[in-house]
Protein chains: 2
Amino acid sequence: MTLHYQAPLQDIEFIFSELLNNAKLDQLPRFAEVTPDLVMAMISEGAKLCEQELFLCYAEGDQVGCLYNPGDKSVETPPSFKQAYQRYVTAGWNGVTLDEAYGGQALPHLVGFVMEELSCATNLAFSAYPGLTGGAINCISAHASETLKQHYLPPMAEGKWSGTMCLTEPQCGTDLGLIKTKATPSNDSDQFRITGTKIWITSGEHDLTDNIIHLVLAKLPNAPASTKGISLFLVPKQLPDGSRNGVSCGGVEHKMGLNGSATCVMNFEDAIGWLVGPPHGGLRCMFTMMNNARLMVGLQGLGLAETAYQTALTFAKERLQSRAITGAKFPELPADPIIVHPDVRRMLLRQKVMNEGNRALAYWVGVEIDISEYHPDKAERQQANDFIQLMTPVVKAFLTDEGSLCCNLALQTLGGAGYTKDWGIEQLVRDVRITRIYEGTNGIQALDLVGRKLPLYQGRLFAVLLTKINQLIEPYTDSPHFAQQQQTINQLKETTQWLAINGSKDPEQAAAVATPYLRLVALVCLGALWLKMAALAKQSLRQDTFQKDFYQAKIKSAHFFFSKVLPEVEFLCTDIHSGKTSLMDFELDEF
Amino acid sequence: MTLHYQAPLQDIEFIFSELLNNAKLDQLPRFAEVTPDLVMAMISEGAKLCEQELFLCYAEGDQVGCLYNPGDKSVETPPSFKQAYQRYVTAGWNGVTLDEAYGGQALPHLVGFVMEELSCATNLAFSAYPGLTGGAINCISAHASETLKQHYLPPMAEGKWSGTMCLTEPQCGTDLGLIKTKATPSNDSDQFRITGTKIWITSGEHDLTDNIIHLVLAKLPNAPASTKGISLFLVPKQLPDGSRNGVSCGGVEHKMGLNGSATCVMNFEDAIGWLVGPPHGGLRCMFTMMNNARLMVGLQGLGLAETAYQTALTFAKERLQSRAITGAKFPELPADPIIVHPDVRRMLLRQKVMNEGNRALAYWVGVEIDISEYHPDKAERQQANDFIQLMTPVVKAFLTDEGSLCCNLALQTLGGAGYTKDWGIEQLVRDVRITRIYEGTNGIQALDLVGRKLPLYQGRLFAVLLTKINQLIEPYTDSPHFAQQQQTINQLKETTQWLAINGSKDPEQAAAVATPYLRLVALVCLGALWLKMAALAKQSLRQDTFQKDFYQAKIKSAHFFFSKVLPEVEFLCTDIHSGKTSLMDFELDEF
């Protein structure tokens with residue numbers, strides 16, 4: 001009666017080496033010495049850490065939670081997190097992609113990307129501590145002065161210090177133009193004084209590190225209204241001279257889940273901080289962190305769904321209940337294991353097929369991060385960047401919506417046992433729920449896709465997507481799924497056209513259907529990925545292989561996907577073409 | 001920062017009096033004196049009780065939960081439940097539909113049916129106590145000997161005693177053929193001795209009543225194997241002579257939600273019990289209780305979704321964030337309330353339209369209960385019974401799946417606030433989750449529909465459904481939705497035909513698509529109901545009415561439903577026609 005998890009290394013290697021051609025690593029001079037084997041070896045080491053350390057303190061994190069002490073305003077994390085944290089940072093994961101000059105390992109983002117899936121699959125709450133630090137490292141590394149980098153990055157990479165991002169305030173979450181936190185320049189130094197209250201600050205205060213480095217959005221005096229007047233500041237809990245800065249925790253939130261992660265109210269009272277990036281240019285800098293973080297949140301949804309699936313599968317193979325509809329499969333047992341029942345298989349396979357498809361989707365995008373930063377060819381970098389920009393909201397929203405759905409399907413597979421705390425699935429359902437909300441709700445992701453990304457550069461990003469989708473499928477015109485996939489691509493094109501025309505005439509038309517449109521994009525991408533994965537599996541089966549089960553399952557899974565998942569496209573297109581219908585006609589009293 | 005709820009009396013009256021012609025009450029001699037006005041007055045009284053008593057202890061029930069005392073094996077319910085329980089039973093709700101001869105009020109089932117929605121909307125955990133008692137009253141009333149009825153029904157109707165149903169054992173939930181609890185007849189009396197362990201027994205032990213009457217499934221010596229050898233026994237906690245029976249609670253479950261409801265392990269050790277119904281005929285008797293309970297569980301899903309919607313709506317009207325996409329709607333405020341945003345409206349309206357549609361669906365079925373029992377015409381009784389039998393799994397599964405989905409949409413509408421415990425929405429999400437599982441998982445409901453109900457009497461039940469759907473829409477051929485609705489009815493017919501042919505050849509084909517088929521049935525019914533509701537609203541608007549908002553909203557809501565909800569039918573039909581595809585081809589190692 002416990003959660004089950006083994007890192008899906010075989011699937012990851014298949015995606016990385018067969019589906020995505022080793023992520024073009026051989027074209028990136030920065031990684032001349034990083035072979036695909038080295039990448040897989042690193043991931044394999046990371047997997048052990050997750051399975052053996054992080055996973056073991058997952059349940060305790062939920063039960064014990066984070067304790068706030070109003071006396072000294074400290075926050076105590078679950079006891080078992082301390083050792084896990086030491087093991088995690090000792091292995092060097094905090095600085096895995098950071099330049100060696102600042103104490104990092106300068107490995108591909110891909111490695112950190114995969115580690116995000118594995119660490120969140122095994123302990124989402126724990127992963128928030130290094131996760132936020134990683135985001136802060138990226139942001140400081142990209143935008144802070146050399147002095148700040150020299151001082152702050154090495155201890156953060158080492159794990160002695162951690163990081164946060166401080167955006168939300170009581171009156172503003174999505175709409176950061178309403179920020180009230182103030183930053184006042186000093187007359188005689190590069191220091192600023194920061195005053196204000198931030199809420200929902202993940203890892204805002206805790207006892208895992210000696211210092212916590214806050215990246216804080218605030219307004220300079222006379223800043224322009226709206227998001228154009230927001231600046232970004234680095235505000236450490238402990239100042240360089242060792243004294244305590246004017247930053248304190250006012251309490252921790254009580255939440256549906258993610259109890260081991262400290263979600264803090266943070267009070268800044270005349271706290272000393274340093275500007276990161278240009279004045280009034282803070283939001284752009286923060287988005288370096290946010291965009292990457294959004295992709296990572298997608299992986300969180302996937303990771304939890306994988307653990308849920310493996311647990312449901314274990315249960316379905318063990319739980320004996322009723323006989324198979326066509327007659328006993330295990331007559332020697334008092335009943336058959338429930339995996340013999342078609343409806344149970346339907347639930348399990350939906351999870352399996354979505355998880356594997358979503359993994360392919362996330363990594364298809366994720367491998368482009370290194371290309372967008374390090375490819376010697378500018379056109380390649382731009383294309384990779386276009387693709388990432390367009391697909392970030394899709395990966396974030398779709399993988400977390402589906403992650404939530406699949407965790408719920410896993411719970412359902414367990415029936416009453418799933419609803420008790422014994423099996424731990426209910427914790428996954430509660431924990432995964434936040435992923436649809438934080439780093440921008442999924443509704444905001446859809447609006448980002450439709451309202452910002454699609455119109456950018458006259459639709460250039462969407463053209464890149466179409467090219468990449470076609471590249472996936474064009475060698476496989478003989479696939480049994482080719483015609484269906486071609487049709488859905490055409491539906492996506494038509495629908496995007498409809499959106500471009502009607503959305504430019506009336507932006508409410510686009511905003512009203514942003515959510516189903518994002519889903520449509522995701523499903524069409526999944527179709528192309530499943531088509532290619534099945535075709536590759538077929539090729540491999542023609543050769544001698546030790547992994548027959550794996551490849552046969554890929555072909556059968558593709559069949560399931562094209563029969564029972566992809567046809568949702570029809571429904572989505574009808575929904576989208578109906579536009580805003582009566583949505584905006586309801587008066588406030590008519591709701 | 002709290003949940004909002006007002007009983008939707010206007011909608012209930014609209015459904016009852018306009019949509020469903022006052023439930024044919026005037027045709028039922030038993031209710032000669034029960035006017036529609038009296039029914040609404042009763043419901044209105046019940047609504048006050050729910051809003052004013054039950055709702056106030058909803059959060060406490062979650063926080064405090066049920067405490068098990070291993071010393072005396074007692075269970076303490078949340079303190080605030082005691083007063084609420086007294087008010088509830090004093091108002092006579094326990095025996096509302098029971099014959100007057102046993103202390104009941106002999107009111108239509110419809111009244112109890114509506115009260116289930118309202119009481120669960122305001123406090124699901126609390127409602128489990130009287131809810132199980134109500135089920136036990138129905139079962140005893142239908143199947144027990146006159147002596148047992150005389151002794152047990154009056155104190156149960158009065159609320160001094162409560163009831164349970166004891167089915168599940170560690171090794172069996174869905175598959176009751178595996179039951180191990182034994183019943184041994186005594187030589188010299190009508191008593192039996194019951195020994196065994198039952199788990200997940202709702203209200204199995206608690207401190208709200210002096211006595212608890214357990215209805216227990218057990219096997220007589222030499223009983224046939226399978227479900228054909230199960231008998232039903234009445235086993236009181238306290239025996240008629242005042243002594244304690246051999247029944248004790250071994251502990252309470254720790255669950256995802258529903259903490260105020262005691263879910264008990266019950267140990268029967270040589271406990272004295274009396275047979276209810278014939279030997280080996282226990283499952284049939286228990287299903288009297290179960291079928292009614294399944295409809296009630298559907299209402300639970302609806303009830304919680306209504307509270308979630310009202311709370312999300314309140315939040316969306318208050319929370320200021322960003323400006324409307326077409327320009328500020330409330331320029332005097334720092335930002336517009338989020339209800340101006342199309343994507344927020346999309347979430348809210350999905351909830352509203354599903355809740356109102358599902359209420360119509362549930363009551364469309366629920367009003368037939370009284371007709372099936374009390375109509376003087378046998379053909380009418382049979383038709384009503386056919387309809388209820390077919391639709392019980394549909395109402396149970398669809399309303400709880402959608403209830404869960406809508407509670408999650410409500411949480412999403414609140415964003416980060418929804419994930420904290422402050423607003424209470426997360427409690428609704430946790431609580432509603434069990435409704436998809438208990439009283440038979442929703443997968444089991446779908447199999448019941450497809451495997452048992454459809455083939456019954458050569459498809460007679462389905463023919464009744466089609467007749468009733470056509471009756472709803474045939475006066476409204478001029479409806480703007482008529483053609484679309486006709487088309488979905490045809491799709492339902494074709495798909496049912498496909499299922500009948502392919503399912504009889506290969507039962508796996510039917511079992512593999514039972515879940516989407518159940519959903520298809522529900523959506524086609526909702527289409528007919530929304531079509532008629534919009535048509536009625538249009539008629540009412542032509543007359544002078546004080547309720548313009550209400551009727552206008554109905555028309556706009558129907559428009560939303562036909563544009564954005566009903567088109568899912570396309571998807572479902574494609575899924576169903578693909579049958580079992582590769583589902584059964586996966587070897588165990590290929591999952």
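Along each chain, residue indices are assigned from 1 in the same order as the chain's sequence is written. Each chain is given a letter, starting from A, and each ligand a number, starting from 1, according to the order in which they appear as written. Whole-chain, interface and lining totals are the exception, using all residues; otherwise, since this is a predicted model, local features are given only for residues with pLDDT of at least 70 and side-chain atom pairs are given and counted only at 80 or more. The basis for every side-chain value is the complete set of non-hydrogen atoms in the structure, without hydrogens or water.

Chain A has the name Acyl-CoA dehydrogenase C-terminal domain-containing protein in an unreviewed UniProt entry, where Spartinivicinus poritis is given as its organism. Quoted verbatim from the Sequence similarities (unreviewed entry) field of the UniProt record, the comment on chain A reads "Belongs to the acyl-CoA dehydrogenase family." Database annotation for chain A, UniProt heading Cofactor (unreviewed entry): "FAD". UniProt positions are given in the numbering used here, feature names are shortened, and annotations may be inferred rather than shown by experiment.

Caption draft 1: Spatial organisation of the UniProt feature "domain: Acetyl-CoA dehydrogenase-like C-terminal" (unreviewed entry) in chain A. UniProt records the feature "domain: Acetyl-CoA dehydrogenase-like C-terminal" (unreviewed entry) at residues 479–586 of chain A, using the numbering of this structure. Secondary structure follows DSSP: runs of H or I at least 4 residues long count as helices, runs of E at least 2 residues long count as strands, and numbering of each begins at the N terminus. Within residues 479–586 of chain A, the helical portion is 81% and the strand portion 0%, while the C-alpha atoms at the span's ends are 47 Å from each other.

Caption draft 2: Molecular detail of helix α13 (residues 460–473) of chain B. Residue and element names in this part refer to chain B. In this scheme, a helix's expected span is set at 1.5 Å multiplied by one less than its residue total. Spanning 14 residues, α13 covers 21 Å between terminal C-alpha atoms, matching the ideal 20 Å at 1.5 Å per step. Remark: exposure states derive from per-residue accessible area (1.4 Å probe, protein chains only) relative to the maximum for the residue type, with buried under 20%, exposed over 50%, and partly exposed in between. Within α13 the residues assigned to the buried category are L461, F462, V464, L465, L466, K468, I469, L472 and I473. Note on definitions: a residue-residue contact is assigned when non-hydrogen atoms from the two residues lie within 4.5 Å. On its buried side, α13 packs onto α8 (342–374), α9 (378–414), α12 (442–453), α14 (482–505) and α16 (514–542).

Caption draft 3: Fine view of the relation of the copies chain A and chain B. Least squares is the method used to superpose the copies, on C-alpha atoms of residues holding a pLDDT of at least 70 in both. You can overlay chain A on chain B at an RMSD of 0.0 Å; the transform is a turn of 180 degrees with a shift of 0.0 Å along its axis. Taken together, the rotation and translation describe the operation of a two-fold axis. Relative to the rotation axis, the closest C-alpha in chain A is found at F571 of chain A, a distance of 3.0 Å. Taken as a fraction of all interface residues of chain A, those also at the interface in chain B reach 100%, which identifies the copy contact as same-surface.

Caption draft 4: Geometry of the domain arrangement of chain A. Residue and element names in this part refer to chain A. An automatic or database domain assignment supplies the residue ranges for each domain. When the domains of chain A are assigned, the result is domain 1 (9–158), domain 2 (163–279) and domain 3 (441–581). Distance between the C-alpha centres of domain 1 and domain 3: 30 Å. Counting from both sides, the interface comprises five residues of domain 1 and, opposite them, nine residues of domain 3. As a working definition, buried area equals the accessible area (1.4 Å probe) given up by two parts on being put together, with both sides summed. Overall, the association of domain 1 and domain 3 removes approximately 760 Å² of surface from exposure, summing both partners, and the carbon and sulfur fraction of that is 64%. For domain 1, the biggest contributors to the area lost against domain 3 are Q10, F14 and L19; these three give 67% of the whole. Salt bridge, as used here, is a side-chain nitrogen of Lys or Arg placed within 4 Å of a carboxyl oxygen of Asp or Glu. Our enumeration of links across domain 1 and domain 3 arrives at one salt bridge. Across the salt bridge formed by D11 and K554, the nearest N and O atoms sit 2.7 Å from each other. For the purposes of these results, a polar contact is taken to be a pair of N or O atoms within 3.5 Å, where, inside protein, one atom must be able to donate a hydrogen and its partner to accept one; residues adjacent in sequence count only when each atom of the pair is a side-chain atom. The interface formed by domain 1 and domain 3 contains four residue pairs in polar contact (both at pLDDT 80 or more). Each residue gets one of three labels, nonpolar for Ala, Val, Leu, Ile, Met, Phe, Trp, Tyr, Cys and Pro, charged for Asp, Glu, Lys and Arg, and polar for the others, Gly among them. Classifying every residue of the side of domain 1 that touches domain 3 by side-chain character gives two nonpolar, one polar and two charged.

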